[in-house]
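Residues per chain, in single letters:
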Amino acid sequence: MSLLEVRGLEKVYSIRGGNRTAALQGVSFAVEEGEFVAIMGESGSGKSTLLNLLASLDRPTAGEVLLAGKDLAKIPGRRLSAFRRDHLGFVFQDCSLLDTFSLGDNILLPLVLAKLPFSEMGSRLLPLAEELGITKLLNKYPWEVSGGQKQRAAAARALITRPSLLLADEPTGALDSRSAGELLDIFQAENREGQTIVMVTHSVQAACRAGRVLFLQDGQLVRELRSHPGEDFYRRVADGLAALGKGVA
Amino acid sequence: MRRKLLCPWLAFQNLRNNRRDYLPFLGAASLIICLFFTVCNLSESRGFARSIPGSGTLHGLMSVATLLLPVVCAPFLWYINSFLMKRRKKELGLYGVLGLEQRHVGTVLFFETLYSFLFSLAAGLGAGILLTGLSGKLLLGLAGITADYTPSVTPVALLYTLGLFGVIFLGCLAGNLVHLSLAAPTDLLREDHSGERDPRFGVLGSILGLLLLGGGYAVAIWAYCEPMLALLVVPVFFLASLLAALGTYGVFIFGSIYVLKALRGNKDFYYRPQNFVTVSGMLHRMRKNGAGLANICLFSTMTLVTLCCTLTVAFGQGEVMTLVGTDYRAGAVSLDLAHIAPEELTVFFGTLAFLGIFFGAAFLLCTVLVMYYKQITEGHQDRDGFVVMRRVGMGVGMVRSTVRRQVTLVFSLPLLGALLHLCFAVPVLIRLFDILCVSSRTVLLGTGCAVLVFAGLYLGAYLTTAKAYYKIVVK
Ligand SMILES: Nc1ncnc2c1ncn2[C@@H]1O[C@H](COP(=O)(O)OP(=O)(O)O)[C@@H](O)[C@H]1O
Ligand SMILES: [Mg+2]
């Protein structure tokens with residue numbers, strides 16, 4: 001059984017005035033445990049919509065999302081936030097750290113919401129912060145650190161619950177290329193330790209770090225690439241993206 | 001669009017687009033204008049002077065009131081105005097980015113202020129003029145005057161109102177322009193993180209605040225116990241108020257942060273879902289705007305004291321009237337009841353009650369509005385935070401209870417402060433009312449009723465505001 005299974009996913013937005021946008025149409029794919037999958041597409045292709053559905057932050061118009069065999073649509077609303085907290089971690093482009101908390105407290109937030117004892121929190125936070133190189137920043141506030149450092153803290157917040165699936169929406173979108181590289185190094189390292197990751201992005205630099213890249217165009221999956229050891233995956237992903245533009249996918 | 005008309009048109013659009021923020025402000029300004037005009041008009045009414053015995057007293061009291069009302073209301077309107085401006089920082093910054101010169105933005109602000117002024121003036125004066133007859137009857141009724149006389153609109157009162165509020169709105173405009181010129185476009189666009197660090201001299205500030213507060217309270221008690229101070233009871237009352245007000249700022253701005261940090265230091269307490277969000281949220285809030293809660297506390301105190309005096313005057317009138325003609329004296333400087341005309345006394349008490357109602361309404365309005373704006377502003381600031389917390393697994397139920405807790409805290413802290421202040425104001429009020437020969441029992445009765453009335457109104461304001469806040473945050 002795959003960790004994540006998506007079957008015939010569809011999302012239609014109805015806007016005021018009766019206009020309807022089909023943001024996703026018939027999207028199906030599966031993610032195995034321990035995989036690092038990137039979903040690539042131009043802006044407006046439906047990446048964020050897809051990720052929000054995987055995160056159970058939104059409900060699909062049709063189709064289903066199964067996490068470890070469990071249908072997200074069947075989880076009752078009041079259990080949903082607890083489920084999200086226990087099984088999913090998120091990193092967003094706007095990194096969404098809270099200004100009211102220090103970085104350390106930002107990272108601990110999901111554990112506090114899960115009502116873990118404080119001693120347990122400390123023993124999870126320190127090694128993780130060490131790994132991500134933000135130990136010295138734990139007492140600083142979000143506005144006092146750089147974008148790359150904030151995004152690493154956001155990654156720590158996503159990882160500290162030890163989620164079965166890490167979801168990332170354009171995590172490098174607001175970063176310079178060096179900070180982006182550092183964050184992607186962290187993702188790859190976590191993946192090597194067994195963390196399953198699904199990341200949506202429009203950047204080739206980010207996508208080529210994944211083991212598998214799915215291409216999304218106008219709300220449909222149109223192509224899939226797998227990396228092979230020793231090859232220039234960057235080139236193939238870039239070519240794949242260029243081919244999309246020409247419509248020869 | 002003709003270039004010359006661009007700024008007036010933009011100003012109009014701005015007010016329209018921000019109407020949810022501006023309408024309460026304009027409403028309050030209108031009401032204050034209406035109150036001021038009414039008091040001023042009655043005080044200037046020539047007909048009054050002739051038709052009423054004891055009208056000298058009436059005129060004197062009303063004149064003092066026309067001087068005092070703007071002293072309270074002008075800073076209040078400026079305060080709300082600066083609130084509104086701060087909320088529009090991004091918008092103003094955007095103008096700069098879009099290539100509008102500061103000069104033009106200034107012109108837009110000028111027109112905005114002009115429209116606001118004209119609107120509130122029209123609404124306030126309109127209501128005031130329409131209600132002239134009614135307010136006159138109310139005053140006459142309270143003052144026990146049966147003269148068949150209806151006051152008319154006096155041009156002098158119109159001029160005073162126009163001039164005074166013209167100056168107040170000019171002050172608003174000046175504040176806005178200073179705000180605009182001090183901030184570079186990039187500053188306006190950037191999120192403002194200044195003042196989010198701990199204030200310097202925190203411990204010193206807390207101690208000083210406590211000392212001032214204690215000093216104010218001590219002066220109040222001293223005025224109660226020392227009969228020699230009876231001659232000076234009014235200045236002593238002001239001294240105590242001043243000390244207590246300064247102390248309030250110290251305690252709210254510095255002391256609150258000290259307490260909150262101590263709570264944060266207690267790990268087992270702090271790292272629980274409710275406390276975690278509330279303590280850090282309050283800390284953030286107090287760092288950013290500790291003076292806000294202090295202002296609300298002081299406005300509440302003022303409202304409470306005004307209500308208290310009004311009700312005491314109303315309750316005490318009958319009691320004092322029975323003493324007229326006797327040689328009863330409550331203290332060294334009491335009214336000479338043996339030689340006062342009963343009519344004059346009635347006019348005096350009636351006018352005081354009338355003014356009390358007007359001042360009470362004005363102060364109450366200030367309190368409620370400042371509270372409303374504070375919560376709305378904070379609601380907008382908190383919204384993104386709650387979105388994030390929902391994402392990382394905060395359930396709707398917990399959002400609801402956290403919001404309730406936060407709003408309740410913000411409301412109850414100033415109320416508790418105000419009630420504490422009132423406890424120490426009452427002894428001085430007892431001495432103050434000695435002058436009018438009103439017994440301390442009546443003062444206590446008035447105080448009790450004032451607290452009930454205020455608590456009811458405050459609760460109403462709390463419920464309305466909490467609803468608005470929750471709507472913003474949860475959407
Ligand atoms: N809340 C919404 N309401 C209406 N339409 C939306 C909404 N969110 C996204 N869309 C539309 O769905 C399409 C996909 O959007 P999105 O998933 O945000 O794309 P991406 O993240 O790839 O840039 C776009 O055409 C967008 O306009
Ligand atoms: Mg997107």
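Residues numbered from 1 in each chain as written. Chains lettered and ligands numbered in written order. Predicted model: local features only at pLDDT ≥ 70, side-chain atom pairs only at ≥ 80, totals over all residues. Heavy atoms only, no water.

Notes on the overall build of chain B
Counting secondary structure elements, chain B contains 16 helices and zero strands. The C-alpha atoms of chain B give a radius of gyration of 25 Å, which matches the 23 Å a tight globule of 475 residues would have. Judged by the C-alpha coordinates and their principal axes, chain B covers about 75 × 65 × 40 Å. Burial analysis of chain B (475 residues in total) assigns 51% to the buried set. Of the roughly 21800 Å² of accessible surface on chain B, 70% is carried by carbon and sulfur atoms. (Helix = DSSP H or I, 4+ residues; strand = E, 2+ residues; numbered from the N terminus. Rg over C-alpha atoms; globule rule 2.2 N^0.38 Å. Buried < 20%, exposed > 50% of the residue type's maximum accessible area, 1.4 Å probe, protein only. Areas by Shrake-Rupley, 256 points an atom, 1.4 Å probe, with all protein chains shown as cover.)

Comments concerning the overall build of chain A
When helices and strands are tallied, chain A shows eight helices and ten strands. Dimensions along the principal axes, computed over C-alpha positions, put chain A at roughly 55 × 45 × 40 Å. Going through the 249 residues of chain A one by one, you find that 53% of them count as buried. Pairs at least 24 apart in sequence give 69% of the contacts found in chain A among residues at least 6 apart. Just so you have it, chain A exposes about 11000 Å², and 46% of that area is on carbon and sulfur atoms. Between the mean site of the 29 positive side-chain charges and the mean site of the 29 negative ones, chain A shows a separation of 4 Å. (Contact = heavy atoms within 4.5 Å. Lys, Arg positive; Asp, Glu negative; His and termini not counted. Charge placed at Lys NZ, Arg CZ, Asp CG, Glu CD.)

Some words on helix α2 (residues 19-44) of chain B
With 26 residues, α2(B) ought to run about 38 Å at 1.5 Å a step, and its terminal C-alpha atoms sit 36 Å apart, in line with that. In terms of residue burial, α2(B) counts as a mostly covered element, since 20 of its 26 residues are buried. (Expected span 1.5 Å × (residues − 1).)

Concerning the nonpolar core
Ranked by size, the top nonpolar core spans 173 residues in total, and within it A:Phe187, A:Met199, A:Val237, B:Phe25 and B:Phe76 carry the most contacts. Here this core gets 20 residues from one element, more than from any other, and that element is helix α14 (residues 342-391) of chain B. Two domains each put at least three residues into this core: domain 1 (1-194) and domain 2 (196-475) of chain B. The contact partners of B:Phe25, leaving out residues within four places of it in the chain, are B:Leu77, B:Ile80, B:Asn81, B:Leu84, B:Phe169, B:Leu369 and B:Tyr373. (Core = buried A, V, L, I, M, F, W, Y, C linked by side-chain atoms within 4.5 Å. Domains from an automatic or database assignment.)

With respect to the sheet that holds strand β5 (residues 70-71) of chain A
Residues and elements named next belong to chain A. The strand order β2-β1-β4-β5 describes an open sheet built from four strands, whose pairing is antiparallel. In this open sheet, the two strands that pair with only one neighbour each are β2 (20-31) and β5. Two elements, strand β4 (residues 62-67) and β5, share two bridges in a ladder whose sense is antiparallel. Paired with Leu-66 across the bridge in β5 is Asp-71. (Pairing = 2+ DSSP bridges.)

Some points on the pairing of strand β6 (residues 88-91) of chain A
Residue and element names in this part refer to chain A. In β6, alternate side chains face the same way, and those of Leu-88 and Phe-90 on one face and Gly-89 and Val-91 on the other are all buried. Pairing of β6 with strand β7 (residues 165-169) involves four bridges; the strand directions are parallel. Among the inter-strand pairings, Phe-90 is bridged to a residue of β7, identified as Leu-167.

Observations concerning the interface of chain A and chain B
Each partner contributes to the interface: chain A provides 25 residues, whereas chain B provides 26 residues. Buried surface at the junction of chain A and chain B, summed over both partners, amounts to about 2300 Å²; 68% is from carbon and sulfur atoms. When residues of chain A are sorted by the area they lose upon contact with chain B, A:Leu113, A:Phe118 and A:Trp143 head the list and together hold 25% of the total. The interface formed by chain A and chain B holds zero salt bridges in total. Our count for the chain A to chain B interface comes out at five residue pairs in polar contact (both at pLDDT 80 or more). Of all the secondary structure elements, the ones that give two or more residues to the side of chain A that touches chain B are α2 (77-87), α3 (103-113) and α4 (118-132) of chain A. The element contributing the most residues to the side of chain A that touches chain B is α3(A), with six residues. (Buried area = accessible area lost by both parts, 1.4 Å probe. Salt bridge = Lys/Arg side-chain N within 4 Å of Asp/Glu carboxyl O. Polar contact = N/O pair within 3.5 Å; in protein donor to acceptor, adjacent residues only side chain to side chain.)

Some words on the environment of B:Val443
All names here are of chain B. Tracing the backbone shows Val-443 in helix α16 (residues 440-474). Judged by relative accessible area, Val-443 falls into the buried class, the value being 1%. Each C-alpha atom of the pair Val-443 and Asn-41 lies 31 Å from the other, and the pair is 402 residues apart in sequence. In this structure Val-443 touches Thr-312, Leu-429, Ile-430 and Phe-433, once residues within four positions along its chain are discounted.

With respect to unusual backbone geometry
All names here are of chain A. In the Ramachandran plot, Lys-115 falls in the positive-phi region, its phi being about 60 degrees despite a non-glycine side chain. Relative to the elements of secondary structure, Lys-115 occurs in the loop between α3 and α4. Positive phi, close to 50 degrees, is recorded for Arg-162, a residue that is not glycine. Following the sequence through the fold, Arg-162 ends up in the loop between α5 (147-159) and β7. Owing to a relative accessible area of 56%, Arg-162 belongs among the exposed residues under this scheme.

Observations concerning a nonpolar patch on the surface
Residue and element names in this part refer to chain B. Judged by side-chain polarity, Val-203, Ile-207, Leu-208, Leu-211, Tyr-258, Val-259 and Leu-263 come together as a nonpolar surface patch covering roughly 690 Å² of accessible area. Mapped by element, the contributors of at least two residues to the nonpolar patch are α10 (202-225) and α11 (233-265). Here the nonpolar patch gets four residues from one element, more than from any other, and that element is α10. Assessed through its relative accessible area of 58%, Leu-211 is described here as exposed. (Patch = residues over 30% accessible without salt bridge, like charges linked within 9 Å, V, L, I, M, F, W, Y side chains within 5 Å.)

Some remarks on empty space enclosed by the protein
In total, this model carries three cavities of 30 Å³ or more according to the counting rule given. A volume near 100 Å³ is recorded for the largest cavity. A:Arg84, A:Arg85, A:Leu88, A:Gly89, A:Phe90, A:Pro110, A:Arg157, A:Ala158, A:Thr161, B:Arg391 and B:Val392 together form the lining of the largest cavity. Sorting the residues of the lining of the largest cavity by element identifies α2, β6 and α5 of chain A as the ones contributing at least two each. Residues that form the lining of the largest cavity fall into these classes: five nonpolar, two polar and four charged. Considered as a void within the structure, the second largest cavity measures approximately 80 Å³ in volume. (1 Å grid on protein atoms, 1.4 Å probe; cavity = no way out; pocket = protein on both sides within 12 Å on 5 of 7 lines; lining within 4 Å. Points joined across faces, edges and corners; volume = space filled by probe spheres on them. Nonpolar A, V, L, I, M, F, W, Y, C, P; charged D, E, K, R; others polar.)

A closer look at the domain arrangement of chain B
All names here are of chain B. Domain annotation for chain B reports domain 1 (1-194) and domain 2 (196-475). Placing a centre on the C-alpha atoms of domain 1 and another on those of domain 2 gives a separation of 25 Å. Contacts between the two partners involve 39 residues from domain 1, matched on the other side by 32 residues from domain 2. In total, about 3000 Å² of surface goes out of reach between domain 1 and domain 2, with carbon and sulfur atoms giving 80% of it. For the interface between domain 1 and domain 2, the tally reads zero salt bridges. Linking domain 1 with domain 2 are three residue pairs in polar contact (both at pLDDT 80 or more). Sort the elements by how many residues they give to the side of domain 1 that touches domain 2 and helix α4 (residues 55-87) lands first, with 15 residues. When the residues that make up the side of domain 1 that touches domain 2 are grouped by side-chain class, the tally is 29 nonpolar, seven polar and three charged.

Brief notes about the site of ligand 1
Residues and elements named next belong to chain A. Contacts to ligand 1 come from Tyr-13, Thr-21, Ala-23, Glu-42, Ser-43, Gly-44, Ser-45, Gly-46, Lys-47, Ser-48 and Thr-49. Within the backbone of Ser-45, one N or O atom sits 3.3 Å away from an oxygen atom of ligand 1. Burial of ligand 1 by the protein chains amounts to 60% of its free accessible area of 560 Å². Sorting the residues of the shell around ligand 1 by element identifies β2 and α1 (47-54) as the ones contributing at least two each. Top contributing element to the shell around ligand 1 by residue count: α1, with three residues. Partitioned by chemical class, the residues of the shell around ligand 1 number two nonpolar, seven polar and two charged. (Near = heavy atom within 4 Å.)

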